[in-house]
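Below, each chain spelled out in residue letters.
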Amino acid sequence: MLQTNLTRTFGLKSPILSAGMAFVARPQLAAAVSNAGGMGFLGADMASPEALADLIRQTRRLTSQPFGIDVMVPFFSEEHLDVCVAAQVPIVNFFWGYPQWEWVEKLQNAGSRVWMKVRSVDEAKGALQCGLDALVVQASEGGPGFSLTSLMTLLPAVVDMTPMPVIASGSILDGRGLAAALALGAEAVRCGTRFLSAVEAEAQSEYERRVGASLTDQNIGNNLFSREWPDAPADVAPERPVDEWTTPVVLFRPGAANPATASDSVPERGFHVAAFADSMGTMASTGMFPDTNAPVSELRPAAEIIQRMMRQAEGILAKYSRWQAVA
Ligand SMILES: Cc1cc2nc3c(=O)[nH]c(=O)nc-3n(C[C@H](O)[C@H](O)[C@H](O)COP(=O)(O)O)c2cc1C
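The rules behind these values
- Residues numbered from 1 in each chain as written.
- Predicted model: local features only at pLDDT ≥ 70, side-chain atom pairs only at ≥ 80, totals over all residues.
- Heavy atoms only, no water.
- Axes fitted to C-alpha atoms, helices over the stretch in contact; angles between N-to-C directions.
- Helix = DSSP H or I, 4+ residues; strand = E, 2+ residues; numbered from the N terminus.
- Left-handed = near helix turned anticlockwise from the far one by under 90°.
- Contact = heavy atoms within 4.5 Å.
- Nonpolar A, V, L, I, M, F, W, Y, C, P; charged D, E, K, R; others polar.
- Phe/Tyr/Trp six-rings, centres within 6.5 Å; stacked < 30°, edge-to-face > 60°.
- Buried < 20%, exposed > 50% of the residue type's maximum accessible area, 1.4 Å probe, protein only.
- Lys NZ or Arg CZ within 6 Å of the ring centre and 35° of its normal.
- 1 Å grid on protein atoms, 1.4 Å probe; cavity = no way out; pocket = protein on both sides within 12 Å on 5 of 7 lines; lining within 4 Å.
- Points joined across faces, edges and corners; volume = space filled by probe spheres on them.
- Pairing = 2+ DSSP bridges.
- Salt bridge = Lys/Arg side-chain N within 4 Å of Asp/Glu carboxyl O.

Colleague: Hey, could you go over the packing of helix 2 (residues 27-35) against helix 3 (residues 49-62) for me, with residue numbers and the actual values?
Modeller: The interhelical angle for the contact between helix 2 and helix 3, taken along N-to-C directions, is 35 degrees, at an axis separation of 9 Å. The way helix 2 lies across helix 3 gives a crossing that is right-handed. Residues Pro27, Gln28, Ala30, Ala31 and Asn35 of helix 2 form the contact with helix 3, whose participating residues are Leu55, Gln58, Thr59 and Leu62. Within the contact of helix 2 with helix 3, the residues separate by chemical class into five nonpolar, four polar and no charged.

Structural data, given as structure tokens:
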């Protein structure tokens, strides 16, 4: 059994967390991961405070284990804060901006742990001033334009900056990724794409099929989803209608500013994220954010995904400790 400070803090059987994927990571997935000994996260995406409260209630009905919520700062209001405080959600993980001091304080006073997802050393330095309980590190594996640094570089750099637990995220798909992340100093991994193909994920089957069939190095970063989500380069498989948008839609270069927010010319042509989510699987497009193909092509229960990852990581770590014993 792989145990870290973080698994001990939350009583987890494995250091595997599922990411709060917008529209996909709903109560069934979060609860399945938590019930399997990992920790599931709900994607709060653009949910209203009432809808968020309902997602939390549904999750509590499905699990008595700890779970978290992923919230994006631009879509987080005082009303959302009140919902999280009242519900005493075990973990609230912020992204896309720093959480305000008062939010962190109120949540911690209510018994929540407050985390933040960071993508650069600078952002991690800023996060260290926020009074947080842990950092999630996600680097260029999170998609084009997301970060200029690889996880292999950024993760140990952040681990060296803080005694706080650090969680690795981005392109971790199996036990090899888990073992590597632990070796680099992470206390857990947080997987999104890997759980897209969980039976309990709310991705529609056509979307899953297309993610499974897409090839990582063919995906393109663009701003198709920038209407509600400025500065969000998405990793999108190059099929219709993405092909049709290739000329008018701006493709991202890592580190480049989002042209959609600099001018009004592109958003007119972008998709509405919510509308896209509603039509996932029916429209001739693949999704946003998938990082890879092979491991997400098989539909499995979340518990089995976790079990397999753990078995593989434990095997790898045992192999290296045998090598060390021989040396
Ligand atoms: C379908 C999908 C939706 C996502 N939605 C969000 C989101 O709403 N907010 C967010 O911060 N990250 C979102 N992410 C990113 C995940 O939270 C996570 O950081 C990422 O998936 C980790 O990389 P991986 O997919 O390679 O494991 C999403 C990812 C996917 C695959």
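Colleague: Give me the packing of aromatic side chains: which residues, what numbers.
Modeller: A ring pair, where both rings are aromatic, is described by two values, the distance of the centres and the angle of the planes. Tallying each qualifying case throughout the model produces six aromatic pairs. Aromatic side chains phenylalanine 76 and tryptophan 103 sit 5.0 Å apart centroid to centroid with 65 degrees between the ring planes, which places their arrangement in the edge-to-face category. With phenylalanine 76 in the loop between strand 3 (68-72) and helix 4 (78-87) and tryptophan 103 in helix 5 (residues 101-109), the pair connects residues that are 27 residues apart, well separated along the chain. On the basis of relative accessibility, which here comes to 4%, the residue tryptophan 103 falls in the buried class. Consider the rings of phenylalanine 94 and tryptophan 103, whose centres lie 5.6 Å apart with planes at 25 degrees: the pair is stacked. Each member of the pair, phenylalanine 94 as well as tryptophan 103, is classed as buried. The ring of phenylalanine 95 is capped by lysine 117, whose NZ or CZ atom sits 4.2 Å from the centre of that ring. A cation over a ring is seen here: arginine 119 above tryptophan 96, with NZ or CZ 5.2 Å from the ring centre.

Colleague: So, empty space enclosed by the protein: which residues are in play, and what are the values?
Modeller: Using the criterion set out here, one finds two cavities of 30 Å³ or more in the structure. The volume enclosed by the second largest cavity comes to roughly 40 Å³. Lining the second largest cavity are Ala44, Asp45, Ala47, Leu52, Val71, Met72, Phe75, Phe76 and His80. In the lining of the second largest cavity, the residues fall into seven nonpolar, one polar and one charged.

Colleague: Please give an account of the environment of proline 66 that cites residues and values.
Modeller: By secondary structure assignment, the location of proline 66 is in the loop between helix 3 and strand 3. Overall, the relative accessible area of 15% leaves proline 66 in the buried class. Note: C-alpha distance between proline 66 and phenylalanine 41 (25 residues apart in sequence) is 9.4 Å. In this view, proline 66 contacts Phe10, Leu12, Ser34, Met39 and Pro90; residues no more than four positions away in its chain are not counted.

Colleague: Got a sec to walk through the sheet that holds strand 3? Specific residues and values, please.
Modeller: Picture the strands of a sheet paired through backbone hydrogen bonds; they go either parallel or antiparallel. Pairing is parallel across the open sheet formed by eight strands, whose spatial order is 1-8-7-6-5-4-3-2. Among the strands making up the open sheet, the edge pair consists of strand 1 (16-18) and strand 2 (41-43). Mean inter-strand twist for the sheet, computed between neighbouring axes without regard to direction, equals 25 degrees. Two elements, strand 3 and strand 4 (residues 91-95), share five bridges in a ladder whose sense is parallel. Among the inter-strand pairings, methionine 72 is bridged to a residue of strand 4, identified as phenylalanine 95.

Colleague: Give a description of the pattern of salt bridges that names residues and reports values.
Modeller: This structure, assessed with the given rule, holds six salt bridges. When the shortest N-O distance is used, the salt bridge between arginine 176 and aspartate 174 registers 2.7 Å.

Colleague: Tell me about the side chain of serine 14, and please be specific about residues and values.
Modeller: With respect to the secondary-structure elements, serine 14 resides in the loop between helix 1 (5-10) and strand 1. For serine 14, a relative accessible area of 2% gives the class buried. Not counting residues within four places of it along the chain, the set of residues in contact with serine 14 comprises Leu2, Thr7, Gly37, Gly38, Ile306 and Met310.

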